[in-house]
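Architecture at a glance
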Amino acid sequence: MNNFKDQSKSMKKSLLLLTVLTLIWGCSSKTSKKEESPRATSEALVGNYVSDGYDKRSEGYDWVAVSITALTDSTAHVAVRSRSDIKKPTCRFDADATLAGKDTLKAVYEGKGILFTLAGKKLTIAAENEADSNLLYFFCSGGASLAGEYTKIEGALDEKQIDQRSFDKVLSLQDISFDVTAQNNELTIQPIGLTVDNSKVTQNIEGYTVTNAEIGDLNADGYPEVLVYLNSAGSGSYGMVIGYSVNNGKSMSQISFPNITDNPEASKGYMGHDEFAIVELSFCQRFPIYKENDTNANPTGGTRQIQYKLKDSEASRKFVVDKVISY
């Protein structure tokens, strides 16, 4: 009888031990599964992608390349360039895009979405809505379109053939256009449609990278302003704005932009990482606020937005601080 009781106790201990081990194994399995599914980031799409003609470029074939570089975990810059050594470049496109899925980036142009989707080594460009597909012809000449499939390559693109402009964007408003380009540390703004002086302007931007350009009528005089946004190299990524305003449709003059460090209220806790945007009749600058012991990668003071208005002055037009909001 005692022998039976001892066996029963032994079996119960064995079952208890088996149950504990099962639970431990189950938790370990769940942990492993989580580790195998990292959070999606824009890094997954970083690289250079080329059209079919790239492999036959030595035979004179035209080709188009898509270069994707990460800006943050959820954003990237997309640049489309094409062959330029024997003919005028076919396609050109620049935009910042946001992660819209594990393997998809989304850029927005004039309120319409453009998707960049990766499957294996193939990157597909398509309009978010099929009805907007014609939009992709706008960025190419000769009846070509950005739409299609591009193959990822290892290493750099053929520098002897590719369009070397690091930024290129054409902006139009009220029958006046600006062709904004950056190459070899130089920013060039070519106005088109001015009645007196359409001379291009060139500025040295060494140490800075052009990130975007916008157009708007910021003083509601019926003529546009063009603003070019730049970021400095390095961890601080300090922003800079270069802008021009059209004078009664005849010529253009550079806009004066105030130094943020001259405004104690606005610059408190400022360490770069600027974002710029035209919002209706205002120009807005936004950046994270750093407290005394914050690291560059971890600001904890919230966000500050400065709203500027374009005003006339004796020498030229200038941006003047209108509102400072912290949140």
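We now turn to the structure provided with this report.

Cut-offs and rules
Residues numbered from 1 in each chain as written. Predicted model: local features only at pLDDT ≥ 70, side-chain atom pairs only at ≥ 80, totals over all residues. Heavy atoms only, no water. Helix = DSSP H or I, 4+ residues; strand = E, 2+ residues; numbered from the N terminus. Pairing = 2+ DSSP bridges. Axes fitted to C-alpha atoms, helices over the stretch in contact; angles between N-to-C directions. Buried < 20%, exposed > 50% of the residue type's maximum accessible area, 1.4 Å probe, protein only. Disulfide = S-S within 2.5 Å. Contact = heavy atoms within 4.5 Å. Core = buried A, V, L, I, M, F, W, Y, C linked by side-chain atoms within 4.5 Å.

1. Let's talk about unusual backbone geometry
Here Asn 184, not a glycine, exhibits a phi torsion of approximately 50°, which is positive. In this fold, Asn 184 is placed in the loop between strand 10 (176–183) and strand 11 (186–192). Positive phi outside glycine occurs at Asn 185, with the angle close to 65°. Turning to its location among the elements, Asn 185 is positioned in the loop between strand 10 and strand 11.

2. With respect to the sheet that holds strand 8 (residues 148–153)
One closed barrel accounts for eight strands, arranged 1-2-3-4-5-6-7-8; its pairing is antiparallel. Here the average twist between neighbouring strands, direction ignored, is 30°. Pairing geometry for strand 7 (residues 122–127) and strand 8, over four bridges, is antiparallel. Its bridge partner being in strand 8, Ile 125 is matched across the sheet by Gly 148.

3. Focus: the pairing of strand 17 (residues 275–279)
Burial along strand 17 is one-sided: the face carrying Phe 276 and Ile 278 is buried and the face carrying Glu 275, Ala 277 and Val 279 is not. Hairpin connection from strand 17 to strand 18 (residues 282–288): two residues lie between these consecutive antiparallel strands, with Glu 280 at a positive phi of about 55°.

4. Quick look at the state of the cysteines
The tally for this structure, following the rule as stated, stands at one disulfide. Disulfide pairing is shown between Cys 91 and Cys 140; the S-S distance is 2.0 Å. Where Cys 91 bonds to Cys 140 through sulfur, the torsion about that S-S bond is close to 115°, and the disulfide is right-handed. In this pair, Cys 91 sits in the loop between strand 3 (75–82) and strand 4 (93–101) while Cys 140 sits in the loop between strand 7 and strand 8, placing the two residues 49 residues apart along the sequence. Overall, the relative accessible area of 12% leaves Cys 140 in the buried class.

5. Digging into the environment of Gln 305
Within the secondary structure, Gln 305 sits in strand 19 (residues 303–312). Under the relative-accessibility criterion, Gln 305 is labelled partly exposed at 21%. The spatial distance from the C-alpha of Gln 305 to the C-alpha of Phe 276 is 9.7 Å, given a sequence separation of 29 residues. What Gln 305 contacts, discounting residues up to four positions off in sequence, is Cys 284, Gln 285, Arg 286, Lys 323, Val 324, Ile 325 and Tyr 327.

6. Digging into the nonpolar core
The biggest cluster of nonpolar side chains holds 27 residues, and the ones touching the most others in it are Val 66, Ile 68, Phe 93, Ile 114, Phe 116 and Leu 146. Going through the elements one at a time, strand 2 (64–70), strand 3, strand 4, strand 5 (104–109), strand 6 (112–119) and strand 7 are the ones with two or more residues in this core. No other element matches the four residues that strand 4 contributes to this core. Ignoring anything within four residues of it in the chain, the contact list for Phe 116 reads Leu 45, Val 78, Phe 93, Asp 103, Thr 104, Leu 105, Ala 107, Leu 123, Thr 124 and Ile 125. Counting residues in hydrophobic clusters, the runner-up holds 20 residues, among them Phe 167, Val 180, Ile 205 and Ile 215.

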